[in-house]
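Chain and residue survey
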Number of protein chains: 2
Amino acid sequence: MKMKKATQILNELGFRKTEIRIKVLEYIQKIGKAVSQPELEKKFNTLADRVTLYRILAAFEEKGLIHKIMDVHGVARYAMCNEKHCTEHEHHDEHVHFNCTECGDVVCLDSIKVPDIKLPKSFSLSRLNLNIEGTCDNCQK
Amino acid sequence: MKMKKATQILNELGFRKTEIRIKVLEYIQKIGKAVSQPELEKKFNTLADRVTLYRILAAFEEKGLIHKIMDVHGVARYAMCNEKHCTEHEHHDEHVHFNCTECGDVVCLDSIKVPDIKLPKSFSLSRLNLNIEGTCDNCQK
DNA sequence: AATAAAAAGCAACATTGTTGCAATTTAATA
DNA sequence: TATTAAATTGCAACAATGTTGCTTTTTATT
Ligand SMILES: [Mn+2]
Ligand SMILES: [Mn+2]
Ligand SMILES: [Zn+2]
Ligand SMILES: [Zn+2]
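These lines cover the structure that appears in this document, whether it is placed above or below. (Residues numbered from 1 in each chain as written. Chains lettered and ligands numbered in written order. Predicted model: local features only at pLDDT ≥ 70, side-chain atom pairs only at ≥ 80, totals over all residues. Heavy atoms only, no water.)

Remarks on the packing of helix α2 (residues 19–31) of chain B against helix α3 (residues 37–44) of chain B
Residues and elements named next belong to chain B. Interhelical geometry of α2 versus α3 gives an angle of 120° and a closest axis separation of 12 Å. One way to sum up the angle between α2 and α3 is to call them oblique. As for the relative orientation of α2 and α3, their crossing is right-handed in sense. Along its contact with α2, which presents I20, K23, V24 and Y27, the element α3 presents L40, K43 and F44. Its residues placed into classes, the contact of α2 with α3 shows five nonpolar, no polar and two charged. (Axes fitted to C-alpha atoms, helices over the stretch in contact; angles between N-to-C directions. Helix = DSSP H or I, 4+ residues; strand = E, 2+ residues; numbered from the N terminus. Parallel < 35°, antiparallel > 145°, perpendicular 65-115°, else oblique. Left-handed = near helix turned anticlockwise from the far one by under 90°. Contact = heavy atoms within 4.5 Å. Nonpolar A, V, L, I, M, F, W, Y, C, P; charged D, E, K, R; others polar.)

See the structure below:
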């Protein structure tokens, strides 16, 4: 999985290349997990205000660059989108989100498709999030 | 679906039959939706303190009477458990939770089983919550 | 260098949720 | 019925996450 350079992505999406935006994007790209604002705040507290981080995440999400997941604790987390699937106007991140009860990590299990769910005809589906709790590979003893 | 009387349930679980506990339980039984503390607070603000409601919900959940769902907004909601499935020591509420984007209601689609998800062997699963967003039967135009 | 737009900072606030402790109420017992 | 222990509640204080309005700073363009 080749990563496009963060600065190039920011360019393409019409964002300005500020230090914090570059760092946040590179971090989310490399970490390979779904990160929360509080986590970013710990990492980058000298570089940016809390609110700035919230706004960066919101801006990235709006462009289809990252997607937002509510984790099992009700905290918003964000992870890279698959650029084949997501655009400014529509997200398609219908994969499993695994929440490890040991280390607290949340990861996208992109390879695990969520099976089609048949709803009663009177219901219509627009989005879906499958959170699974358990022990991740790192924490398996 | 016959409902056991609230007072009887409280008795059986070793709870005291206070007015607010009876009312809260009856409400959750009848409403047929997953309710949040803020909702209960609006309903019962003259009858009980905010904290009391949080504690009632936590107590009921611990006994396997109701189950806790994090909704798509990250707010905790609670709905009756199926007494065949849940006990003090173990919850089994692996059904779909439908979040209506129109009316905000969250309902348990108990009849819709969540298909088995095959995780990589290095992961172990302990719990699971499938939140679906869309338009519910009432809000369908 | 001047400019407009974007981004960031800061303060204030909202909402949801938790904890400690004192006061009250329930239910069991004498 | 009076006593009592335990359960329940109320209140105050706090924590965490998230939002909004407004000003200042920075970026990229002209
Ligand atoms: Mn994901
Ligand atoms: Mn449910
Ligand atoms: Zn783990
Ligand atoms: Zn609805």
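Further notes follow.
Focus on the coordination of the manganese ion (ligand 1)
Here the manganese ion (ligand 1) is held by the protein donor atoms H67 of chain A (NE2), H95 of chain A (NE2), H97 of chain A (NE2) and C108 of chain A (SG), which lie 2.0 to 2.3 Å from it. The class for H67 of chain A is buried, based on a relative accessible area of 3%. (Donors = N, O, S within 2.8 Å, 3.2 Å for Na, K, Ca; no water. Buried < 20%, exposed > 50% of the residue type's maximum accessible area, 1.4 Å probe, protein only.)

A word on the protein's contact with DNA strand C
By nearness alone, 21 residues border DNA strand C, and T18, I20 and R55 of chain A together with R16 and R50 of chain B come closest of all. In DNA strand C, atoms within 4 Å of the protein come from the sugar-phosphate backbone in 58% of cases. Residue R55 of chain A places a side-chain N or O atom 2.3 Å away from a base oxygen belonging to DNA strand C. Mapped by element, the contributors of at least two residues to the surface near DNA strand C are α2 (19–31) and α4 (50–62) of chain A together with α4 (50–62) of chain B. Its residues assigned to classes, the surface near DNA strand C shows eleven nonpolar, two polar and eight charged. (Near = heavy atom within 4 Å. Polar contact = N/O pair within 3.5 Å; in protein donor to acceptor, adjacent residues only side chain to side chain.)

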